[in-house]
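# Working through the structure, step by step
If you want the building blocks of each chain, they are given just below.
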Amino acid sequence: MKVRTSISAVILALLLFSCMSEKEKRIREQLRSFMSETVSVPDNLQGIAPSGTLLYKDTSSLPKLIFYYDSSACNECEIAHLGNLEWFYVRSAEERTFDVLTIFSPSPEDYAGVVELLEIQDFDYPVYVDFDGRFRRTNAFIPEDVRFHSFLTDGSGRIRHVGNPSVSESLEKSFDRALDGIVRESSARTITVINLKNQRT
């Protein structure tokens, strides 16, 4: 009986390991596919800011840290916890090496409620509302899995980091490494352009 029990336990463990391996494999493939995409932030997203309502206009070539909340998100919960993201807005303003965009893409029936909640919350930085679904349609490749809803893009919109750096130290370190890599690449390109110009003169 003990032998049979041990064999059953081993078989169960192997089956669980196999299932986990397949799940991890699917997630890795999904991540690889996602990071091959280019994110585009359309103009005229409605912004709610301390100064009032504004419209988004992409005039920056800096990397973007994007926090995206789709129609399945608990809007009230996420808006109540916007303060968790404030440190990255502060870093952005101090370092000027990346921009931060927080975008809510609610269902049409939730739109007015999201705007009202944002106005009540009175967050110190602009928060954008995808009022007609243009961000969602433009970037339809973003998975439903919320783990893919926070990401860093380079100046060209290519995804360089996936994960919310505000939820854990390891994700923040991963974000920092990705950002450092983008900054170094940008600096190297700038130096190359300067050298080429000097060679021509």
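Scroll up for the structure.
Residues numbered from 1 in each chain as written. Predicted model: local features only at pLDDT ≥ 70, side-chain atom pairs only at ≥ 80, totals over all residues. Heavy atoms only, no water.

### Details of the sheet that holds strand E7 (residues 159-162)
Across the sheet, which stays open at both edges, the seven strands sit in the order E2-E1-E5-E4-E3-E6-E7 with mixed pairing between neighbours. Each of the sheet's edge strands pairs with one partner strand only, and the pair in question is strand E2 (52-55) and E7. For this sheet, the mean angle separating the axes of adjacent strands, direction not counted, is 30°. As paired strands, strand E4 (residues 99-104) and strand E5 (residues 127-129) are joined by two bridges and run parallel to one another. Note on E5: the bridge partner recorded for Phe-104 is Val-129. (Pairing = 2+ DSSP bridges. Helix = DSSP H or I, 4+ residues; strand = E, 2+ residues; numbered from the N terminus. Axes fitted to C-alpha atoms, helices over the stretch in contact; angles between N-to-C directions.)

### Details of the side chain of His-161
Here His-161 lies in strand E7. Overall, the relative accessible area of 3% leaves His-161 in the buried class. Among the polar contacts made by the side chain of His-161, one reaches the side chain of Ser-174 at a distance of 3.2 Å. (Buried < 20%, exposed > 50% of the residue type's maximum accessible area, 1.4 Å probe, protein only. Polar contact = N/O pair within 3.5 Å; in protein donor to acceptor, adjacent residues only side chain to side chain.)

### Section: unusual backbone geometry
Excluding glycine, a negative phi dihedral is what most residues carry, and trans is how most peptide bonds are arranged. Residue Asn-44 is not a glycine yet carries a positive backbone phi of 70°. The class of Asn-44 is partly exposed, set by a relative accessible area of 38%. Phi angles above zero are rare outside glycine, and Asp-122 is one such case at about 55°. Structurally, Asp-122 is set in the loop between helix H4 (111-121) and E5. Relative accessible area serves as the criterion here: at 48%, Asp-122 is assigned to the partly exposed category.

### As for the nonpolar core
Judged by nonpolar contacts, the single largest core of 24 residues is most densely connected at Leu-65, Phe-67, Leu-82, Phe-104, Leu-118, Leu-152 and Phe-175. Contributing elements (two or more residues each) for this core: strand E3 (64-69), helix H3 (86-95), E4, H4, E5 and helix H6 (169-200). Considering every element that reaches this core, the biggest residue donor is H6, with four residues. Beyond its immediate sequence surroundings of up to four residues, Leu-118 is in contact with Ile-48, Ile-79, Leu-82, Phe-104, Phe-123, Val-127 and Val-129. Of all hydrophobic cores here, the second largest spans 16 residues; its members include Phe-34, Leu-45, Ile-66 and Ile-103. (Core = buried A, V, L, I, M, F, W, Y, C linked by side-chain atoms within 4.5 Å. Contact = heavy atoms within 4.5 Å.)

### Concerning H4
Because the α-helix completes a turn every 3.6 residues, residues three or four places apart line up on one side. By the burial criterion, the buried members of H4 are Val-114, Val-115 and Leu-118. All buried residues of H4 lie within an arc of 100° about the axis, which places them on one face of the element. When the buried face of H4 is taken as reference, the exposed residues oriented beyond 90 degrees from it are Ala-112 and Ile-120. Against the buried residues of H4 lie strand E1 (46-49), helix H2 (75-80), E4 and E5. The positive-phi residue at the C-terminal boundary of H4 is Asp-122, with phi of around 55°. (Arc of directions from axis to C-beta.)

### Brief notes about the environment of Pro-126
Structurally, Pro-126 is set in the loop between H4 and E5. Residues in contact with Pro-126, not counting those within four places in the same chain, are Ile-48, Ala-49 and Tyr-89.

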